[in-house]
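Breakdown of the fold
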Amino acid sequence: MDSILVKGGGELNGVIPIAGAKNACLTLMPATLLTEEPLTLTNAPRLSDIRTMTQLLQSLGCEIADLQGGKVLAMSSHRIHNHTADYDIVRKMRASILVLGPMLARDGHAVVSLPGGCAIGARPVDLHLKALEAMGAELDLRDGYVHAKAPGGRLKGAVVEFPLVSVGATENALLAATLAKGTTVLKNAAREPEIVDLAQCLRRMGAQIEGEGTSTITIQGVDRLGGATHPVVTDRIELGTYMLAPAICGGEVECLGGRLDLVGAFAEKLDEAGISVTETERGLKVARKNGRVKAVNVTTEPFPGFPTDLQAQMMALLCTADGTSVLEEKIFENRFMHAPELIRMGARIEVHGGHATVTGVDRLKGAPVMATDLRASVSLILAALAAEGETVVSRVYHLDRGYEHVEDKLGACGAKIERIRA
Ligand SMILES: CC(=O)N[C@H]1[C@@H](OP(=O)(O)OP(=O)(O)OC[C@H]2O[C@@H](n3ccc(=O)[nH]c3=O)[C@H](O)[C@@H]2O)O[C@H](CO)[C@@H](O)[C@@H]1O
Ligand SMILES: C=C(OP(=O)(O)O)C(=O)O
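Residues numbered from 1 in each chain as written. Chains lettered and ligands numbered in written order. Predicted model: local features only at pLDDT ≥ 70, side-chain atom pairs only at ≥ 80, totals over all residues. Heavy atoms only, no water.

The protein chain carries the name UDP-N-acetylglucosamine 1-carboxyvinyltransferase in an unreviewed UniProt entry, which gives Gemmobacter aquatilis as its organism. Check the Subcellular location (unreviewed entry) section of the UniProt entry for the protein chain; it says "Cytoplasm". Per its UniProt entry, the protein chain bears the Sequence similarities (unreviewed entry) comment "Belongs to the EPSP synthase family. MurA subfamily." (UniProt positions renumbered as here; feature names shortened; annotations may be inferred.)

By domain assignment, the protein chain separates into domain 1 (3-19 + 234-420) and domain 2 (22-231). Relative placement of domain 1 and domain 2: their C-alpha centres are 31 Å apart. Taken residue by residue, the interface counts 22 residues in domain 1 and 18 residues in domain 2. Surface buried jointly by domain 1 and domain 2 totals about 1,700 Å² across both partners, of which 50% is contributed by carbon and sulfur atoms. Considering only the surface of domain 1 that becomes buried against domain 2, Phe-303, Arg-401 and Glu-404 emerge as the three largest contributors, covering 32% of it. (Domains from an automatic or database assignment. Contact = heavy atoms within 4.5 Å. Buried area = accessible area lost by both parts, 1.4 Å probe.)

Further remarks concern the environment of Asp-261. Within the secondary structure, Asp-261 is located in the loop between strand E15 (251-256) and helix H9 (264-272). Distance from Asp-261 to Arg-236, taken between C-alpha atoms, is 9.4 Å for residues 25 residues apart in sequence. At 2.8 Å, the side chain of Asp-261 and the side chain of Arg-259 are in polar contact. (Helix = DSSP H or I, 4+ residues; strand = E, 2+ residues; numbered from the N terminus. Polar contact = N/O pair within 3.5 Å; in protein donor to acceptor, adjacent residues only side chain to side chain.)

As recorded in UniProt, the sites labelled "domain: Enolpyruvate transferase" (unreviewed entry) are residues 6-410. For residues 6-410, the end-to-end C-alpha separation is 11 Å, with 31% helix and 25% strand making up the annotated structure.

Once that is clear, we can look at the sheet that holds strand E5 (residues 72-76). Spatial ordering of the open sheet is given by E4-E5-E3-E14, a layout of 4 strands whose pairing is mixed. Of all strands in the sheet, those bounded by a partner on one side alone are strand E4 (63-67) and strand E14 (228-231). On average, adjacent strands in this sheet sit at an angle of 15 degrees to one another, irrespective of strand direction. Summarising the sheet, strand E3 (residues 39-42) and E14 pair through 4 bridges and their orientation is parallel. The residue bridging Thr-40 from the neighbouring strand is Thr-229, located in E14. (Pairing = 2+ DSSP bridges. Axes fitted to C-alpha atoms, helices over the stretch in contact; angles between N-to-C directions.)

Residues in contact with ligand 2, as listed here, are Lys-22, Asn-23, Ile-120, Arg-123, Asp-309, Arg-335, Leu-374, Arg-375 and Arg-401. Take Lys-22: an N or O atom from its side chain is 2.9 Å from an oxygen atom of ligand 2. When isolated, ligand 2 has an accessible area of 290 Å², and the protein chains bury 88% of it. Counting residues per element, the ones that place at least two in the shell around ligand 2 are helix H1 (22-28) and helix H12 (374-386). Among the residues making up the shell around ligand 2, the classes are represented as 2 nonpolar, 1 polar and 6 charged. Mapped onto the domain boundaries, the shell around ligand 2 takes at least three residues apiece from domain 1 (3-19 + 234-420) and domain 2 (22-231). (Near = heavy atom within 4 Å. Areas by Shrake-Rupley, 256 points an atom, 1.4 Å probe, with all protein chains shown as cover. Nonpolar A, V, L, I, M, F, W, Y, C, P; charged D, E, K, R; others polar.)

Another point: the layout of surface pockets. Roughly 240 Å³ of internal volume is contained in the second largest pocket. Together, 18 residues line the second largest pocket, and Ile-248, Cys-249, Gly-250, Arg-288 and Ala-386 are the ones closest to its centre. Every element with two or more residues in the lining of the second largest pocket is listed here: helix H8 (236-249) and H12. By residue class, the composition of the lining of the second largest pocket is 6 nonpolar, 6 polar and 6 charged. (1 Å grid on protein atoms, 1.4 Å probe; cavity = no way out; pocket = protein on both sides within 12 Å on 5 of 7 lines; lining within 4 Å. Points joined across faces, edges and corners; volume = space filled by probe spheres on them.)

And the structure:
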């Protein structure tokens, strides 16, 4: 298993290009299952999660060519020859459940392994299943798999009101509704930019969708969808992560392709903490020129609130802030596993249920630490960049799920960071 060695202490200055969004790409890729015609995604990120989704789609019969070093994914699902998403692939990545809606919508049947829990929480998929049931699907849970059928071979439009906001359930229902007979209305739908991106791509393929980006999405089902070429939206979580690098270390970094509308609530917190964020022609410029960061309180919420996927990285910043901050995690029940690792680096953090109280210290100190999940791993790297001495972050396979070329991107801004290959 690879690890990352960081020698901390210096300022960061330079530019960092931001990739296409992992979480958008993972929902755009299954859209290929809705059409016999080619779907091409440009601005795709080069990540292990994208390779896992590629493997899963290929196992179902899709042809996928990754061009330009993986930045372009040319997909073609002329025929789905296998309708079973196997546990061996699904267990690696929860987003695999997103093949259920499209397969069911196109061919009227699908079998998909249940993804199981994960380190940050139990993460059930009941809302995905209830939405598809409302659209007429008959579901049977057997041997760890969901066996799904659409009576008469086609889903039908329905009004689906989600009891809580779920990004994945909104995506699965939206994908499925494009080919259902009649109108589907999704209420209390997620408003994340990745949902907007998915709706835009589906519309390019011929889908009739209104209201994406609001909490009510209306889909008029069509008989068939065609091919399209679509650029994946900028990764707002990668963007937020790299915006934190100069905030923690000092210096000035311009994040190329960054947009304030993608990170509004997060940028407001940076401003409150005393970090300057300005829009440039090419992206967002972030600087911490003088003084210590101020303590701020953060509560994670569905978009447009502060994203749970930036909570760990924000905690790394607040570890050296002036004063005491409280972080409240409202999306996942077990998303503070980075706290004990940050404490190993000298942070003062107390976790009580869904709250973490962080009292800033003058300086963190390097230590051997272990990544427990994707965003935890990058929070440890951010902390290490600001810490005195050396830090080795192990289990970085989590990091590779969501960040491409981390060492190169941070290294170009002056960070002393290298990968130790196992
Ligand atoms: C691949 C992808 O896009 N992942 C993102 C997606 O995950 P994901 O789509 O899994 O997250 P959801 O928005 O569905 O989860 C929100 C909450 O709803 C719960 N829930 C969800 C579905 C369900 O059927 N039943 C249920 O109870 C979850 O356990 C969680 O507590 O959104 C999360 C919340 O912004 C992000 O942290 C993830 O990075
Ligand atoms: C939790 C995340 O991803 P996933 O939903 O794929 O586990 C994430 O991107 O931070």
